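Close look at the chain arrangement
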Amino acid sequence: MKNELTADEWRALTEALNYINETRLYEEQKEIIPAYERAVQKVRKVEKGLHA
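Residues numbered from 1 in each chain as written. Predicted model: local features only at pLDDT ≥ 70, side-chain atom pairs only at ≥ 80, totals over all residues. Heavy atoms only, no water.

**Some thoughts on the overall build of the protein chain**
Secondary structure summary: the protein chain contains one helix and zero strands in total. Principal-axis analysis of the C-alpha atoms gives the protein chain an extent of 70 × 15 × 10 Å. For the protein chain, with 52 residues in total, the buried portion stands at 0%. For the protein chain, the exposed surface amounts to about 5,400 Å²; the carbon and sulfur share of it is 58%. (Helix = DSSP H or I, 4+ residues; strand = E, 2+ residues; numbered from the N terminus. Buried < 20%, exposed > 50% of the residue type's maximum accessible area, 1.4 Å probe, protein only. Areas by Shrake-Rupley, 256 points an atom, 1.4 Å probe, with all protein chains shown as cover.)

**Some words on the pattern of salt bridges**
A side chain with one charge can pair with a side chain of the opposite charge if their charged atoms come near. Under the defined criterion, the tally for this structure stands at one salt bridge. A salt bridge links D8 to R11, with the shortest nitrogen-to-oxygen separation between them at 2.5 Å. You can see D8 and its partner R11 sitting in helix α1 (residues 7-51), three residues apart, about one turn around the helix. (Salt bridge = Lys/Arg side-chain N within 4 Å of Asp/Glu carboxyl O.)

Structural data, given as structure tokens:
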């Protein structure tokens, strides 16, 4: 298969893929961070119970 993209087209494709990856990562982080924070809160409650 012959490469028919110009250098500018390759750059545009790279930028688009980077944007998609960053957007997807951000969406995943929005889901992960609250779950992590809930887990930390549970651990803190358990620690308080142990030290009470």
